[in-house]
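# A look at the structure
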Amino acid sequence: MALESTAAAQPVGIYIHIPFCRGKCPYCDFYSISALDRIPAYLDALQWEMQQAAEQGLRADTLYIGGGTPSVLTPRQMGRIVDTAAVCFNLTPTTEMTLEVNPASITTRDLQDYAAFGFNRLNIGVQSFDDRNLAFLGRRHSAEQALTAVQAGVAAGFNNIGLDLIFGLPDQTPGTWKKDLLQAIRLGPKHLACYMLSYEPGTRLHDDLQTGRFAPLSELRVADLFRMTHDFLGAAGYDHYEVSNYARGSRWRSKHNQKYWNGHPYIGFGPSAHGCRLPHRWWNHRSLDAYLESIGRGTPPLADEEVLSEEQQMMEALFLGLRQSDGIDLAGFQNRFQIDFKLFFHTALDRCSAEGWIDMDDRRCRLTVEGMLFLDRIVDELVELI
Ligand code: SF4
């Protein structure tokens, strides 16, 4: 079983999925349900799952509670999760502890309680400061509530606040997107995640697109917004350290998310959560029913697991490395895969450099901002050579 291999000394990242939301946003394909009356049963099962993993002697240096909407839990319920995690995974005051919150479901009082539990990083799902955009996205909060949520986070003592924003909405212009960005930076967050709107199969927004209920923004215009985001946030002092992520200096990068991108070990708890300790990867049942049923029988809620081949690991290292502005460390790549990166991939690298997509020196291979727009295509070209 995959967890057996996780007892090594290297600290792990812990992700806890809270699979509850008050309603479903039409663009979202994360697993969540609105039956909040099932929270108590879920918390019992989650505690069991964490305690089982604790037997592996894990030590975590990041904890990320996401979802879903973690802030639908009462502070008391949240406190129970944190207490269990602290004991099971040896959390310390230096552990990066991130909580995702939704502006529709938090009060200053709740945030003060969360800070007292040890959370030192607050990620607020603002998405937009424009009520029309929020209505299109089916969010359950207003622009005013988003502002209030950020101010409440500051008032509660969080000095590491991240905001999530979405761009690329139909009819969005550089001017309206810039207003969102301006409002965001006025609030002084340490971290900004700017995601391109995507239409995931199975979501209501995807169906609406298919039936022609609205016209999407063209790829060219979305690309313009991406470039504008890079330039605008760069000028405001934010370092574009991953395709969608910006930090006000490297110390404010998300340590937890960097584990995903750098192939470091992490373990997920709750329905649909994934874990990875290369070359193993595993994931839990997606539905709460299957998750509870499995734990009710006293068995881990594992849906499946896999062992990545050397080729698969190399493909992943390319894709995840090139997502980040630090790019791929050539010596590290050679150590790991016994391959001279420049020599092995030179035909694709030459083509991509000629397009202005790649910036390479003796130590690293990075994508330019333009290259980030073609990440999938570039990785495909490299992978063809493996
Ligand atoms: S609140 Fe977040 S997790 Fe819940 S449905 Fe909306 S986008 Fe998805």
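Quick caveat, the model's predicted, so the values are computed rather than measured.

Time to look at the pairing of strand S3 (residues 96–101). Judged by how many residues are buried, S3 sits mostly within the fold: 6 of 6 residues are covered. Of the two faces of S3, the one holding Glu96, Thr98 and Glu100 and the one holding Met97, Leu99 and Val101 are both buried throughout. In terms of strand pairing, strand S2 (residues 60–67) meets S3 through 4 bridges, oriented parallel. By the bridge assignment for S3, Leu63 is matched with Met97. Regarding topology, helix H2 (residues 75–88) serves as the crossover connection from S2 to the parallel S3, and that connection is right-handed. Bridging between S3 and strand S4 (residues 121–127) involves 4 bridges; their strand directions are parallel. Bridge pairing links Glu100 to Asn123 in S4. Crossover handedness for the path S3 to helix H3 (residues 108–117) to S4: right-handed.

Counted according to the given criterion, the structure contains 17 salt bridges. The shortest N-O distance in the salt bridge between Glu242 and Arg323 comes to 2.6 Å. Placement of Glu242 in strand S7 (residues 239–242) and of Arg323 in helix H11 (residues 310–323) is noted, with a sequence separation of 81 residues between them. With a relative accessible area of 1%, Glu242 lands in the buried category. Put simply, Asp224, Arg227 and Glu370 are held in one network by salt bridges that share partners.

The sheet built from 3 strands is open, its strands ordered S13-S15-S14 with antiparallel pairing. This sheet does not close on itself; its edge strands, each paired only once, are strand S13 (328–329) and strand S14 (358–360).

Here we come to the domain arrangement of the protein chain. Structurally, the protein chain comprises domain 1 (12–261) and domain 2 (310–383). For domain 1 versus domain 2, the separation of C-alpha centres amounts to 29 Å. Between domain 1 and domain 2, the contact holds 13 residues from the first and 11 residues from the second. With both chains or domains summed, domain 1 and domain 2 bury close to 1,100 Å², and 57% of this area falls on carbon and sulfur atoms.

Before going further, it helps to examine the site of the ligand. With respect to spatial proximity, the complete set of residues near the ligand consists of Cys21, Gly23, Lys24, Cys25, Tyr27, Cys28, Gly68, Thr69, Asn102 and Arg139. Across the shell around the ligand, the residue classes break down as 4 nonpolar, 4 polar and 2 charged.

Let's shift gears to the side chain of Arg139. Tracing the sequence through the fold places Arg139 in the loop between helix H4 (131–136) and helix H5 (143–155). We note that Arg139 is buried and unpaired, the nearest opposite charge coming from Asp164 at a distance of 7.7 Å. Polar side-chain contacts of Arg139 include one of 3.0 Å to the side chain of Tyr27. Engagement of the side chain of Arg139 in a polar contact is seen with the side chain of His141, the distance being 3.3 Å. The residues touching Arg139, leaving out its near neighbours within four places in the chain, are Cys25, Tyr27, Asn102, Pro103, Gly125, Gln127 and Leu134.

There is a patch of nonpolar side chains on the surface, built from Met315, Phe344, Leu385 and Ile386 and spanning about 290 Å² of accessible area. Using a relative accessible area of 33% as the deciding quantity, one classes Ile386 as partly exposed.

Per the counting criterion, the structure on display carries 16 aromatic pairs. Look at Phe136 and Phe214: their rings are 5.2 Å apart centre to centre, the planes differ by 85°, and that puts the pair in the edge-to-face class. With Phe136 in helix H4 and Phe214 in the loop between helix H7 (204–210) and helix H8 (219–235), this residue pair connects regions lying 78 residues apart in the sequence. Using a relative accessible area of 25% as the deciding quantity, one classes Phe136 as partly exposed. According to the relative accessible area criterion, Phe214 is buried, its value standing at 16%. Measuring from centroid to centroid gives 6.2 Å for Phe333 and Phe345, while their planes differ by 70°, and the two rings are edge-to-face. Residue Phe333 is found in helix H12 (residues 330–337), and its partner Phe345 is found in the loop between helix H13 (341–344) and helix H14 (346–354); the two are separated by 12 residues along the sequence. Residue Phe333 shares its accessibility class with Phe345, and that shared class is buried. Put simply, the rings of Phe333, Phe337, Phe341, Phe344 and Phe345 pair up and form one aromatic cluster. In this arrangement the basic side chain of Lys190 is found over the ring face of Trp252, its NZ or CZ atom lying 4.9 Å from the centre.

Our next topic: the nonpolar core. Formed by 92 residues in total, the largest nonpolar core has its most connected members in Ile16, Phe89 and Phe333. If one sorts the elements of this core by residue count, helix H1 (residues 39–54) sits on top with 7 residues. When residues of this core are sorted by domain, at least three fall in each of domain 1 (12–261) and domain 2 (310–383). Setting aside residues no more than four positions away along its own chain, Phe333 makes contact with Met314, Ala317, Leu318, Ile328, Gln338, Ile339, Phe341 and Phe345.

Parameters and conventions
- Residues numbered from 1 in each chain as written.
- Predicted model: local features only at pLDDT ≥ 70, side-chain atom pairs only at ≥ 80, totals over all residues.
- Heavy atoms only, no water.
- Buried < 20%, exposed > 50% of the residue type's maximum accessible area, 1.4 Å probe, protein only.
- Helix = DSSP H or I, 4+ residues; strand = E, 2+ residues; numbered from the N terminus.
- Pairing = 2+ DSSP bridges.
- Right-handed = clockwise from strand over helix to strand, strands pointing away.
- Salt bridge = Lys/Arg side-chain N within 4 Å of Asp/Glu carboxyl O.
- Domains from an automatic or database assignment.
- Contact = heavy atoms within 4.5 Å.
- Buried area = accessible area lost by both parts, 1.4 Å probe.
- Near = heavy atom within 4 Å.
- Nonpolar A, V, L, I, M, F, W, Y, C, P; charged D, E, K, R; others polar.
- Lys, Arg positive; Asp, Glu negative; His and termini not counted.
- Polar contact = N/O pair within 3.5 Å; in protein donor to acceptor, adjacent residues only side chain to side chain.
- Patch = residues over 30% accessible without salt bridge, like charges linked within 9 Å, V, L, I, M, F, W, Y side chains within 5 Å.
- Areas by Shrake-Rupley, 256 points an atom, 1.4 Å probe, with all protein chains shown as cover.
- Phe/Tyr/Trp six-rings, centres within 6.5 Å; stacked < 30°, edge-to-face > 60°.
- Lys NZ or Arg CZ within 6 Å of the ring centre and 35° of its normal.
- Core = buried A, V, L, I, M, F, W, Y, C linked by side-chain atoms within 4.5 Å.

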